[in-house]
Amino acid sequence: MMRFDLSSAAVMALAVASALTTAWGMDQAGLRGQAQAATPVPSTPAAGAPAQVLKAANGHYWADALIEGRAVRVMVDTGASVVALTRDDAARLGLRLEPADFSATVVTASGPVRAAAVELQAVAVAGARVDRVEALVVEAGLPHSLLGMSYLGRLSSFSATPAGLTLRP
């Protein structure tokens, strides 16, 4: 059972605001095309093996995540409290949301956005799999999905180098 109190909601709102501001800036800089959902399913090494995510030319870490059994291109964002999905990615994953599901309001630098809290059964990047991951589906304004701390914080560790990230399940 998940519990949200007022301070958790405030921290989540600030983190999502930061992530959405970064995403908006990238969209304005013309980087949106790099965040389109991947069509091929990423190859999966042996379960439990560390996953490598290379840094892109734009300085961000992009990963092909396997979410609910489908490939989704995500930007790794340690400033996001939770995994944040675009509405399009959520629909491709089979998450059928009604307007009433978008009951949370997240305040961002560009204004308030509505979001729906969901729980994802599994999120994996290469062999780094986490089950039952808390996430938000942002109704509008998010140019690409974000791999946030509700996934990253449940790994045994993750580390960054100038060339990439290592995710350890």
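Small disclaimer: the values here were computed from a predicted structure and weren't measured.

## Some details on the nonpolar core
- Counting residues in each nonpolar core, the largest one holds 32 residues, and the members touching the most others are I67, L120, V125, Y151 and L167.
- Of all hydrophobic cores here, the second largest spans 11 residues; its members include W62, V113, A115 and L142.

## Remarks on the sheet that holds strand β9 (residues 157–160)
- One open sheet holds the three strands; their spatial order is β1-β10-β9, and the pairing between them is antiparallel. At either end of the open sheet lies a strand with only one pairing partner, and these are β1 (51–54) and β9. Each adjacent strand pair in this sheet contributes to an overall mean axis angle of 15°, direction not counted.
- The sheet contact formed by β1 and strand β10 (residues 164–168) spans four bridges and is antiparallel. Looking across to β10, one finds that V53 is bridged to L165.

## A word on the side chain of T86
- Looking at where T86 falls in the secondary structure, it is placed in strand β4 (residues 83–86).
- The exposure class assigned to T86 is buried, which follows from its relative accessible area of 9%.

## A closer look at the confidence of the model for the protein
- Mean pLDDT over the protein stands at 80; residues scoring 70 or higher make up 69%.
- The model gives residues 1–17 a pLDDT under 50, and that stretch makes 21 contacts with residues more than four places away or in other chains.
- In the predicted structure, residues 20–26 sits below a pLDDT of 50 and forms 18 contacts with residues beyond four places in sequence or in another chain.

## Looking at the pairing of β4
- Going residue by residue along β4, you find V83 and L85 tucked away on one face and A84 and T86 tucked away on the opposite face as well.
- In this structure, β4 lies alongside strand β7 (residues 128–138), joined through four bridges in parallel fashion. Considered in β7, the bridge of A84 is made with L136.

## Some details on the environment of S150
- Mapped onto the elements of the fold, S150 is located in helix α3 (residues 149–152).
- Accessibility expressed as a relative area gives 10% for S150, which makes it buried.
- Sequence-wise, S150 and R132 are 18 residues apart; in three dimensions their C-alpha atoms are separated by 9.6 Å.
- A distance of 2.6 Å separates a polar atom in the side chain of S150 from the backbone oxygen of E134.

## Considering the side chain of T166
- One can find T166 in strand β10.
- Within the structure, the side chain of T166 is placed 3.1 Å from the side chain of Q52, a separation counted as a polar contact.
- Beyond its immediate sequence surroundings of up to four residues, T166 is in contact with P50, A51, Q52, S157, F158 and S159.

What counts and what doesn't
- Residues numbered from 1 in each chain as written.
- Predicted model: local features only at pLDDT ≥ 70, side-chain atom pairs only at ≥ 80, totals over all residues.
- Heavy atoms only, no water.
- Core = buried A, V, L, I, M, F, W, Y, C linked by side-chain atoms within 4.5 Å.
- Buried < 20%, exposed > 50% of the residue type's maximum accessible area, 1.4 Å probe, protein only.
- Pairing = 2+ DSSP bridges.
- Helix = DSSP H or I, 4+ residues; strand = E, 2+ residues; numbered from the N terminus.
- Axes fitted to C-alpha atoms, helices over the stretch in contact; angles between N-to-C directions.
- pLDDT = per-residue confidence, 0-100.
- Contact = heavy atoms within 4.5 Å.
- Polar contact = N/O pair within 3.5 Å; in protein donor to acceptor, adjacent residues only side chain to side chain.

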